[in-house]
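Chain and residue survey
Listed below, chain by chain, are the residues.
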Amino acid sequence: MHSLVSAPKYWRFARASRTKAVTNPSRKAIYHFISSFCFSRSVLTGLVWGALLGSLFAFEAPTLTCELQQEDGIYQSTDGVVDLKWHTDGAEAYELTQQSSAQRIKYGLSEVRYHGPDASSVRTGLNEGWHLFKVRAIAEDGSISEWSEPLELKVTYMNAGRLRVLLILGGIVVLSTAGAIVHGHLSHRKRKEAEA
Amino acid sequence: MNLAVSISPSTGWVVVIVLGIIWVGLGLWWGRKAKSSEGFMLAGRNIGLALGSATAMATWVTSNTVMIAPKLAFTQGIWGMIAYSTAAFGLLLFAPLAIRIRSILPKGVTTGDFFRERYGMLGWVTFIVITMIYSVAWLVTMTIAGGEILATLTGIPYHHGMTLILVVCVLYTLFGGLYAVVGTDFIQSIIILVGILAIGFMVFNQIDVGSAHEKISYAQPMLLCHAMPVALLSFFNLMLFGFGEVFHNNVWWSRAFAMRNKVAPKAFFISGLLWLPIPIAAGFAALMANPLGVNITNANQTGPMVAQHVLVEAGFGAVAGFVILIVLFCSIASSIDSLLAATSDLVLNDVTEHVLHLKISEAQFRKAAGIVTISIGLLAWALAIPRWPIEIVLYLSGPLVASLIWPIIAGLYWQRINGSIVIGGIILACVLGVWAYFSPSFGWFTASLIGAAVSMICTIAARWIQPSALNLIH
């Protein structure tokens, strides 16, 4: 806390009493008194700053949730979509941030994804990998809550091998269906022409 | 953003009641032509090209088109946007099928006629179970969507809104039969087409494409990725789901029977072409949500949220709610009325005659049609009350309807086939498709593909393994 305030002369004196060896008993008593006084001031200042900061974080941090399934405490998405919801009483607005990384241990910089009065947001088009979401609330008087507990999300898309097989299957079924209809139609027309 | 209530409940009531009175009035007016059962069920088999194209296009624009197409673009990017538009190929490919249907069943009334003649009672029962699951799920999802949209846009309570939209559709279908459905579809199709394309155009005007591309690449990179697995698989999956929906459902067969002889293929082809840009326009608007600064809080409401934003930005703030409400109301009504009419026909023609063995005379027909239409409406209403997530049933019906694609093609064009293998293939395809839907290794975006593939293999095998001649094909 000392580093946060300018150090007046007696503070420097008091600091000297702690760091320097003082041999004279009378000076030692003075140093002790000043040191105690400064200690009390430090505590007092700490309390004042605490109260000030406390007023800034006057309301609870929002609770951030989503309805995806969890595995080891990490939410899992297979389509890159997450429907985030949050709430805290007395909030005028919220700020939602996202950190993303392809590797779990290397989150990138935090980006603000939403700032406004809504208490939910659907995030889509997320890359494969880990994403960390946090939200904080802002009250009408401008005070800001602490950040919510981070919500960790892992996006895993279908593996390339299975995807390829299903895409080929899809292509075959669609083309075969269209082909069967066109072939059937042409045969029907030919039969009608022959009958005519 | 949350989709704000942009018009008051009283104004919402006025808009919906005025639209309802117009549709019911037109239903009564057009319904005067329906003097026989054929007139009521098939509009006298005399629908022309303009009405035929419009009714097919309007029916295919469901609440899914204006709600799910934007959701797919927003969650799966460019491939998702294109994937939904591939449902148009269902209509395009139904054009040649319609020629064949009219040729082999000149006096046909429902799809059930075809399945019963071609695959016997077992095939007919399999078809009825699948089509009823699909049709009722579709009808109920439309009703729920109607109630939710009215609640969101106008503040009208959900139960009041969904009752209102269902009552309006039941009334004009009841009075006018297919005449009323086709006529109202024509007007609704124009409103839908103009509304959605105008919103797509406004989005295009409000964004700088280069900057939008940069923003999406930065925050949602996979939306622009050419190899996004989910979207690539959705491409085939949705296309086959669309094929299954159109090829099997009585909504489309009844239109093929109702159009003049040479009109049906042209009408289906034109309707496919007209429908194609609608999900592209709706999807493009949704893809731009992030660059436009729209925070999507519910993916199912991506379309209306972006539409509201661009209309307000374009200076149409006061009328934004009206425009969205009218377009959505028309798209939902045009599907509910068609489903009510086609499902009632199926029950009247197939279930009463072949299950209950009741023969309905011309004199009793309108009364019976009324009872069946109201009953189906009541069933949809009862299922919509608890707001169950019945859209899951609709999505689950993807592999079910996809399993009918090849049996229909084979039944229409092939001379010899082993019916038992085909029916076994349909059941196997349904089971494997539903399994794939829930399997974490595959996922919903592969279910229809797997259903269609299994059924295709079995149907092709049925052509070669002890096939027997079928007497229907000329």
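Quick caveat, the model's predicted, so the values are computed rather than measured. (Residues numbered from 1 in each chain as written. Chains lettered and ligands numbered in written order. Predicted model: local features only at pLDDT ≥ 70, side-chain atom pairs only at ≥ 80, totals over all residues. Heavy atoms only, no water.)

**Brief notes about the overall build of chain A**
Heads up, the rule is: Working definition: helices are DSSP H or I runs of at least four residues, strands are E runs of at least two. Numbering for both runs from the N terminus. Burial here depends on accessible area, computed with a 1.4 Å probe over protein chains only, as a share of the maximum for the residue type. Under 20% is buried, over 50% is exposed, and the range in between is partly exposed. Throughout, a residue-residue contact means that at least one pair of heavy atoms, one from each residue, lies within 4.5 Å. Accessible surface area values rest on a Shrake-Rupley calculation with a 1.4 Å probe, where residue burial reflects the displayed protein chains alone.
When helices and strands are counted, chain A shows three helices and nine strands. Counted from the first residue to the last, chain A has its helices and strands arranged as α-α-β-β-β-β-β-β-β-β-β-α. Taking all 196 residues of chain A together, 37% fall into the buried category. Contacts in chain A between residues at least 24 apart in sequence constitute 63% of all its contacts with a sequence separation of at least 6. Approximately 11900 Å² of chain A is accessible, and the part contributed by carbon and sulfur atoms is 58%.

**Considerations on the overall build of chain B**
The line we're drawing: Taken over C-alpha atoms, the radius of gyration is set against a globule rule of 2.2 Å times the number of residues to the power 0.38. For the purpose of counting charges, residues Lys and Arg are taken to be positive, whereas Asp and Glu are taken to be negative. His and the chain ends are not included. Note that the charge is assigned to NZ on lysines, CZ on arginines, CG on aspartates and CD on glutamates.
Regarding its fold elements, chain B presents 19 helices and two strands. Here chain B has a C-alpha radius of gyration of 22 Å; the compact-globule value for 474 residues is 23 Å, and the two agree. Going through the 474 residues of chain B one by one, you find that 65% of them count as buried. Taking as baseline every contact in chain B between residues at least 6 positions apart, the subset at least 24 positions apart corresponds to 86%. For chain B, the separation between the mean place of its 21 positive charges and that of its 15 negative charges on side chains is 12 Å.

**A few points about the sheet that holds strand β7 (residues 120-123) of chain A**
All names here are of chain A. Heads up, the condition is: When DSSP finds two or more bridges between two strands, those strands count as paired. To obtain each axis, a line is fitted to C-alpha atoms, and for helices this fit is confined to the stretch in contact; angles are then taken between N-to-C directions over 0 to 180 degrees.
Across the sheet, three strands lie side by side as β1-β4-β7; this open sheet has antiparallel pairing. Where the open sheet ends on each side, the last strands, each with one partner, are β1 (63-65) and β7. Strand-to-strand twist in this sheet, taken as the mean axis angle between neighbours without regard to direction, amounts to 20 degrees. As defined by bridge partners, β1 adjoins strand β4 (residues 82-87) across three bridges and the pair is classed as antiparallel. Opposite L64, over in β4, you have W86 as the bridge partner.

**Side note on the confidence of the model for chain B**
Where we set the bar: pLDDT expresses how confident the predictor is about each individual residue, on a scale running from 0 to 100.
Looking at chain B as a whole, its pLDDT mean stands at 86, while 97% of the residues score no less than 70. Reported for the predicted complex are a pTM of 0.79 and an ipTM of 0.85.

**A few points about the environment of I144(B)**
Position of I144(B) relative to the elements: it lies in helix α6 (residues 111-154). Placed 241 residues apart in sequence, I144(B) and I385(B) show a C-alpha to C-alpha distance of 8.2 Å.

**Quick look at the packing of aromatic side chains**
How we decide: Note on aromatic pairs: the rings of Phe, Tyr and Trp (six-membered ring only in Trp) are paired at centre separations within 6.5 Å, and the planes decide the class, stacked below 30 degrees, edge-to-face beyond 60, tilted for the rest. A ring has a charge above it when a Lys NZ or an Arg CZ is no more than 6 Å from the ring centre and no more than 35 degrees off the ring normal.
Within this structure, the stated rule accounts for 21 aromatic pairs over all chains. Here the aromatic rings of F114(B) and F115(B) are separated by 5.4 Å at their centres, their planes lie at 85 degrees, and the arrangement is edge-to-face. An identical accessibility class is assigned to F114(B) and F115(B); each is buried. Of the aromatic side chains, those joined through ring pairs into one cluster are F114(B), F115(B), Y119(B), F127(B), W253(B) and F257(B). Stacked on the ring of F442(B), the Lys or Arg R162(A) has its end atom at 5.5 Å from the ring centre. Taking the ring centre of W414(B) as reference, the NZ or CZ of R463(B) above it sits at 4.5 Å.

**Observations regarding the packing of helix α3 (residues 160-195) of chain A against helix α17 (residues 405-413) of chain B**
The cut-off we apply is this: For classification, angles of less than 35 degrees are called roughly parallel, those exceeding 145 degrees roughly antiparallel, those between 65 and 115 degrees roughly perpendicular, and all remaining angles oblique. By definition, turning the near helix anticlockwise from the far helix through less than a right angle yields a left-handed crossing, and turning it clockwise yields a right-handed one. Polar here means any residue outside two lists: the nonpolar Ala, Val, Leu, Ile, Met, Phe, Trp, Tyr, Cys and Pro, and the charged Asp, Glu, Lys and Arg; Gly therefore counts as polar.
Where α3(A) contacts α17(B), the two axes come as close as 10 Å, and the packing angle between them is 15 degrees. When the interaxial angle is binned, α3(A) and α17(B) end up roughly parallel. Read as a crossing pair, α3(A) and α17(B) show a hand that is left-handed. For the pair α3(A) and α17(B), the contacting residues are S176(A), T177(A), A180(A), I181(A), G184(A), H185(A) and H188(A) in the first and I405(B), W406(B), I409(B) and Y413(B) in the second. Of the residues in the contact of α3(A) with α17(B), the class split is six nonpolar, five polar and no charged.

**Points about unusual backbone geometry**
Positive phi values are uncommon outside glycine, yet D72(A) reaches one of about 55 degrees. On the secondary structure map, D72(A) appears in the loop between β2 (70-71) and β3 (74-77). Taking the relative accessible area as the measure of exposure, D72(A) reaches 78% and is therefore exposed. For Q466(B), which is not a glycine, the phi torsion comes out positive at approximately 45 degrees. Q466(B) gets classed as exposed once you look at its relative accessible area, which sits at 68%.

**So, the side chain of S145(A)**
All names here are of chain A. Selection rule: Each polar contact in these results corresponds to two N or O atoms within 3.5 Å; when the atoms are within protein, one needs to be able to donate a hydrogen and the other to accept it, and residues that are neighboring in sequence are counted only if both atoms are side-chain atoms.
Structurally, the position occupied by S145 is in the loop between β8 (129-138) and β9 (151-155). The exposure class assigned to S145 is buried, which follows from its relative accessible area of 1%. Within the structure, S145 has its side chain in polar contact with the backbone nitrogen of A137 (distance 2.8 Å).

**A word on the interface of chain A and chain B**
Bring the parts together and some accessible area is lost; that lost area is often taken as the interface size. The test is simple: Reported buried area values correspond to the accessible surface (1.4 Å probe) lost by two parts on association, with both partners' losses combined.
Counting residues at the interface gives 38 residues for chain A and 46 residues for chain B. Here chain A packs against chain B, burying approximately 3600 Å² in sum over the two surfaces, 69% of which is carbon and sulfur. Across the contact surface, chain A and chain B share twelve residue pairs in polar contact (both at pLDDT 80 or more). Among the elements of the structure, β6 (111-116), β7 and α3 of chain A are those that each provide at least two residues to the side of chain A that touches chain B. The dominant element in the side of chain A that touches chain B, judged by the number of residues it contributes, is α3(A), at 20 residues.

**With respect to helix α18 (residues 419-438) of chain B**
Our working rule: The length a helix should cover is 1.5 Å for every residue beyond the first.
When the terminal C-alpha atoms of α18(B) are compared, their 29 Å separation across 20 residues agrees well with the 28 Å that a helix rising 1.5 Å per residue should span. The N-capping residue of α18(B), defined by a side-chain oxygen 3.1 Å from the backbone nitrogen of S420(B), is N418(B).

**Examining the pattern of salt bridges**
Selection rule: Note on definitions: salt bridges are taken to be side-chain nitrogens of Lys or Arg within 4 Å of carboxyl oxygens of Asp or Glu.
The full count for this structure, using the stated rule, is six salt bridges over all chains. Where K192(A) meets E195(A), a salt bridge forms, and the shortest distance between an N and an O atom there is 3.9 Å. Separated by three residues within a single helix, K192(A) and E195(A) lie in helix α3, roughly one turn from each other. Overall, K192(A) belongs to the partly exposed group, its relative accessible area being 38%. The salt bridge involving D113(B) is made with R116(B); its shortest N-O contact spans 2.9 Å. Note that D113(B) and R116(B) are positioned in helix α6 at a spacing of three residues, about one turn of the helix. For the residue pair D113(B) and R116(B), the accessibility class agrees, reading buried in each case.

**Notes on the nonpolar core**
The following threshold applies: To qualify as a nonpolar core, a set must consist of buried Ala, Val, Leu, Ile, Met, Phe, Trp, Tyr and Cys residues joined through side-chain atoms within 4.5 Å.
The biggest cluster of nonpolar side chains holds 209 residues, and the ones touching the most others in it are F94(B), F247(B) and F268(B). Broken down by element, this core gets its largest block of residues, 20 residues, from α6(B). Other than its neighbours up to four places away in sequence, F247(B) contacts T177(A), I181(A), G90(B), L93(B), F94(B), L97(B), W253(B), I405(B), I408(B) and I409(B).

**Notes on the sheet that holds strand β5 (residues 93-101) of chain A**
Sheet strands pair by backbone hydrogen bonding; their relative direction is either parallel or antiparallel. All names here are of chain A. Spatial strand order, β2-β3-β9-β8-β5-β6: six strands in an open sheet with mixed pairing. Looking at the sheet topology across the chains shown, the edges are occupied by β2 and β6. Sheet analysis places β3 next to β9, joined by three bridges and oriented parallel. For S77, the partnering residue across the bridge sits in β9 and is V155.

**Regarding a nonpolar patch on the surface**
All names here are of chain B. What counts is decided by this rule: Like-charged residues within 9 Å of one another, or nonpolar side chains (Val, Leu, Ile, Met, Phe, Trp, Tyr) within 5 Å, are grouped into patches, provided each residue has over 30% relative accessible area and no salt bridge.
Together, L51, F186, I187, I190 and V194 make up an exposed nonpolar region whose accessible area comes to about 390 Å². The element that contributes the greatest number of residues to the nonpolar patch is helix α7 (residues 158-206), accounting for four residues. Within the fold, F186 resides in helix α7. Look at F186 and you get partly exposed, because its relative accessible area is 30%.

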